[in-house]
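Examination of the molecular architecture
The chain contents come next:
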Amino acid sequence: MSEGTRRDELAERLAEVRARIVAAATPVGERDVTLVVVTKTWPANDIRLLHELGVSDVGENRHQEAEPKVSELAGLDLRWHFVGQVQSNKAAAIAGYADVVHSVDSVRVVRRLDSGAERHHRVVDCFVQVDLGQDTEAHGHRGGVRPTDVEEIAAAVDAAASLRLIGVMGVAPIGEEPAEAFERLAAVRARLGEHYPTATAMSAGMTGDFEAAIAAGATHVRVGSAILGSRPALR
Ligand SMILES: *Cc1c(COP(=O)(O)O)cnc(C)c1O
């Protein structure tokens, strides 16, 4: 595919997703919703085209893939979101380039992100990832901590000098109505907000369910395939 054709394709899908976001956000009061375009598996050049089309926030889920893309695109004014599971031995390196980490799910990861951020003289925004599965054993674990353990992780982020607690993140479990899962996430955020006034954000919603997430109060949606196309089925 020629570069011009790819650009047109991305422009069209991006416009469509942006319109759907506005339509979903309007009935709930014109909230600003940040679109994070998840570019995992797609080349750095797609990110360059997206940037030309006005995208400012991009998401990656694997350190090994994110790091070279970040250095290749270092000249562009982009906010990098890390949305995948953070291996604790990669956390300090991730804190060297990620502006936002959506998937903070252990105290160990908090400590390592904090020391990495400090070493790079940066402050990293963090979401605590909540496991929205009702029955983790039966439905397969999609990452995150149980709602009852969110407070402990949040307290660790809040105490970390180079991290900023901004909210909660969740992935709707397979086999459940996403709207119900997102309502549970909104309840976790509301509870957390009582103790941590900065924790107002909610990262929820992907290609298949971002409208339901916005209806439940998402402030950040993470959309990949609706914009970039379907990925090879490896992950
Ligand atoms: C891949 C990914 C997304 C985007 O998924 P799509 O269905 O392609 O929109 C969102 N969040 C996380 C955590 C992901 O890994």
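Reference entry: report on the structure contained in this document. Values in this document were obtained by computation on a predicted structure and should not be read as measured data. (Residues numbered from 1 in each chain as written. Predicted model: local features only at pLDDT ≥ 70, side-chain atom pairs only at ≥ 80, totals over all residues. Heavy atoms only, no water.)

In the neighbourhood of the ligand, the contacting residues comprise V38, K40, V83, M206, T207, R222, V223, G224, S225 and R231. In the model, an oxygen atom of the ligand is placed 2.8 Å from a nitrogen or oxygen of the S225 side chain. Note that an oxygen atom of the ligand is positioned 2.7 Å from one of the side-chain N or O atoms of R231. With the chains in place, 88% of the 380 Å² that the ligand exposes on its own is no longer accessible. Residues that form the shell around the ligand fall into these classes: four nonpolar, three polar and three charged. (Near = heavy atom within 4 Å. Polar contact = N/O pair within 3.5 Å; in protein donor to acceptor, adjacent residues only side chain to side chain. Areas by Shrake-Rupley, 256 points an atom, 1.4 Å probe, with all protein chains shown as cover. Nonpolar A, V, L, I, M, F, W, Y, C, P; charged D, E, K, R; others polar.)

Checked against the element boundaries, D125 lands in strand β5 (residues 124–130). Under the relative-accessibility criterion, D125 is labelled buried at 10%. For the pair D125 and A98, spaced 27 residues apart in sequence, the C-alpha to C-alpha distance is 8.6 Å. Those residues in contact with D125 that sit more than four places away from it in its chain are R79, D99, V100, V101, R164 and I166. Within the structure, D125 has its side chain in polar contact with the side chain of R164 (distance 2.9 Å). (Helix = DSSP H or I, 4+ residues; strand = E, 2+ residues; numbered from the N terminus. Buried < 20%, exposed > 50% of the residue type's maximum accessible area, 1.4 Å probe, protein only. Contact = heavy atoms within 4.5 Å.)

Before going further, it helps to examine the nonpolar core. In this structure, L35, V101, L113, L163, V221 and I227 are the most contacted members of the largest nonpolar core, which totals 72 residues. Excluding its chain neighbours within four sequence positions, the residues that come into contact with V101 are F82, V86, I94, L113, V124, D125, C126 and F127. V100, F127, V171 and A201 belong to the second-largest nonpolar core, a separate cluster that totals six residues. (Core = buried A, V, L, I, M, F, W, Y, C linked by side-chain atoms within 4.5 Å.)

It is worth spelling out the side chain of D57 at this point. Within the secondary structure layout, D57 lies in strand β2 (residues 57–60). Looking at D57, its side chain comes within polar contact range of the side chain of S56, at 2.7 Å. Other than its neighbours up to four places away in sequence, D57 contacts T34, L35, V36, V37, R79 and H81.

For the coordinates displayed, the defined rule picks out 14 salt bridges. For E52, the salt bridge identified is with R7, shortest N-O distance 3.1 Å. One end of the pair, E52, is in helix α2 (residues 44–52); the other, R7, is in helix α1 (residues 3–25), and 45 residues separate them in sequence. On the basis of relative accessible area, R7 is assigned to the partly exposed category, the value being 31%. Salt-bridge contacts for E60 lead to K69; the nearest nitrogen and oxygen are separated by 2.8 Å. Exposure class is identical for E60 and K69. Each is buried. Look at the salt bridges and you will find they share partners, linking R6, E9, R13 and D46 into a network. (Salt bridge = Lys/Arg side-chain N within 4 Å of Asp/Glu carboxyl O.)

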